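What the coordinates show
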Amino acid sequence: MTDNGKNLPSSISELDTRYLILDTRFRRGLLFVISGPSGVGKGTLREKVFDILPDLKYSVSVNTRPPRKDEIEGQDYYFVTVDEFKKRIEENIFVEWAIVHGDYKGTPIKFLVEELQKGRDVLLELDVQGAMQVKKKFPDGIFIFIAPPTWKDLEDRLRKRNTEGEKALEKRLKDARVEMEYKKNYNYLVVNDNIKTALKKLESIIIGERCKIANYKK
Ligand code: 5GP
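Just so it is clear, the model here is predicted, and its values are computed rather than measured.

**Side note on the overall build of the chain**
Along its length, the chain carries 9 helices and 9 strands. Going through the 218 residues of the chain one by one, you find that 29% of them count as buried.

Spelled out as structure tokens, the structure:
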């Protein structure tokens, strides 16, 4: 090294992306699952982690909730009716599904399995019920729990987001208490006290798992 590292990229991910060809040939695809209470900032973290690690694949869920103002079909969710969702359950297209805050949500199995088989890393954002179903089927998955620093912080964030009415907000807060109990079933805990540090933690977990010898094919 001739420049004392001055010209090295500041983020590991640039290098990581450059090594993609090597990774996909020699490393198994990794399945990352993130969960955490509504309002904890999972969505923002998820978006930002894809900016840093563009080779990571996101599995788009099927959802019976009506789209929010800025949500895009096929990008944020596949929006379907309850009848359509139930039909898809019968057709066995989901690796997991659950009723979350009163709406059906599910992960299609086809995309997930195909990407993992290609050696690509996939990230799912699931509620705790869905994550536990995935854990049974994919015990090698990497399960990451995102937690708020305090209950007050979570409530403030939900109020600020203001996508739900007061009744729905109360329900999400009540659900959050139950969801937090599940964190012991996860491999990693990321407290989202600050988006920048939480993102760094999430990125570090992903990079760390990518470097694990055990994740390389023999
Ligand atoms: P929202 O309605 O705010 O988009 O999502 C509510 C919750 O549903 C989030 O906590 C998210 O993690 C969870 N969720 C999103 N997609 C799925 C899915 O496919 N399956 C399960 N089990 N939960 C999901």
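**Overview of the site of the ligand**
Taken together, 15 residues surround the ligand, and among them Ser61, Ala98, Lys105, Asp127 and Gly130 come closest. Counting residues per element, the ones that place at least two in the shell around the ligand are strand 5 (94–100), strand 6 (103–108) and helix 6 (128–137). The residue makeup of the shell around the ligand, split by class, is 3 nonpolar, 7 polar and 5 charged.

**Examining the packing of helix 3 (residues 42–52) against helix 9 (residues 195–211)**
The geometry of helix 3 relative to helix 9 is characterised by a closest axis approach of 10 Å and an angle of 60° between their N-to-C directions. Relative to helix 9, helix 3 is oriented oblique. Seen along the crossing, helix 3 lies across helix 9 with a hand that is right-handed. Residue-level inspection shows Thr44, Leu45, Lys48, Val49 and Ile52 of helix 3 in contact with helix 9, the latter providing Ile195, Ala198, Leu199, Leu202 and Glu203. Along the lines of polarity and charge, the residues of the contact of helix 3 with helix 9 split into 7 nonpolar, 1 polar and 2 charged.

**Description of the sheet that holds strand 5**
Taking strand neighbours across the sheet as the criterion, the 4 strands line up as 4-3-6-5 in an open arrangement whose pairing is mixed. Of all the strands in the sheet, the pair left with one neighbour each is strand 4 (77–79) and strand 5. Shown here is a sheet whose adjacent strand axes are inclined to one another by a mean of 25°, direction ignored. Relative to strand 4, strand 3 (residues 61–63) runs parallel, the two sharing 3 bridges. Pairing of Val62 across the sheet is with Tyr78, part of strand 4. Across the sheet, helix 6 touches strand 5 and strand 6, and the angle it forms with strand 5 is around 160°.

**A look at the environment of Glu125**
If you trace the backbone, Glu125 turns up in strand 7 (residues 122–125). Measuring from C-alpha to C-alpha, the distance between Glu125 and Val33 comes to 5.8 Å, with 92 residues separating the pair along the chain.

**Regarding the nonpolar core**
Ranked by size, the top nonpolar core spans 39 residues in total, and within it Phe32, Val33, Ile144, Ile146 and Leu202 carry the most contacts. Sorting the residues of this core by element identifies strand 1 (31–35), helix 3, strand 5, strand 7, helix 6, strand 8 (142–147), helix 7 (151–161) and helix 9 as the ones contributing at least two each. Apart from residues no more than four positions distant in its own chain, Phe32 is found in contact with Asp121, Leu123, Ile142, Ile144 and Ile206.

**As for the pairing of strand 8**
For strand 8, the tally of buried residues reaches 6 of 6 residues, placing the bulk of the element in the interior. Neither face of strand 8 is left uncovered, since the one carrying Ile142, Ile144 and Ile146 and the one carrying Phe143, Phe145 and Ala147 both have all their residues buried. Sheet analysis places strand 1 next to strand 8, joined by 4 bridges and oriented parallel. Looking across to strand 8, one finds that Ile34 is bridged to Ile144. Sheet topology places strand 8 next to strand 9 (residues 188–191); 4 bridges connect them, and they run parallel. What sits directly across from Ile146, in strand 9, is Val190.

**Re unusual backbone geometry**
Not every positive phi belongs to a glycine, and Asn92 is a case in point at roughly 65°. When you line up the elements, Asn92 lands in the loop between helix 4 (82–90) and strand 5. Even without being a glycine, His101 presents a positive backbone phi close to 50°. With respect to the secondary-structure elements, His101 resides in the loop between strand 5 and strand 6. Of the residues examined, His101 has 13 C-beta atoms within 10 Å and is grouped as partly exposed.

Scoring rules and cut-offs
Each chain has its residues counted from 1, running along the sequence as written. Whole-chain, interface and lining totals are the exception, using all residues; otherwise, since this is a predicted model, local features are given only for residues with pLDDT of at least 70 and side-chain atom pairs are given and counted only at 80 or more. A run of H or I in DSSP becomes a helix once it reaches four residues, and a run of E becomes a strand once it reaches two; helices and strands are each numbered from the N terminus. Working definition of burial: number of other C-beta atoms within 10 Å of the residue's own, with buried at 20 or more, exposed at 12 or fewer, and partly exposed in between, all C-beta atoms being placed from the backbone. A molecule or strand has a residue near it when that residue's C-beta atom, placed from backbone coordinates, lies within 6 Å of it. Following the grouping adopted for this structure description, the nonpolar residues are Ala, Val, Leu, Ile, Met, Phe, Trp, Tyr, Cys and Pro, the charged ones are Asp, Glu, Lys and Arg, and the polar ones are all others, Gly among them. Each axis is a line fitted through C-alpha atoms, taken for helices only over the stretch in contact, and angles between the N-to-C directions span 0 to 180 degrees. Throughout, the term roughly parallel applies to angles under 35 degrees, roughly antiparallel to angles over 145, roughly perpendicular to angles from 65 to 115, and oblique to all others. Definitions for this section: a left-handed crossing has its near helix turned counterclockwise from the far helix by less than a right angle. A right-handed crossing has that turn clockwise. A pair of residues counts as a contact when their C-beta atoms, built from backbone coordinates, are within 7 Å of each other. For two strands to be treated as a pair, DSSP must find no fewer than two bridges joining them. What we call a nonpolar core is a set of buried Ala, Val, Leu, Ile, Met, Phe, Trp, Tyr and Cys residues whose membership is set by joining through C-beta atoms within 7 Å.

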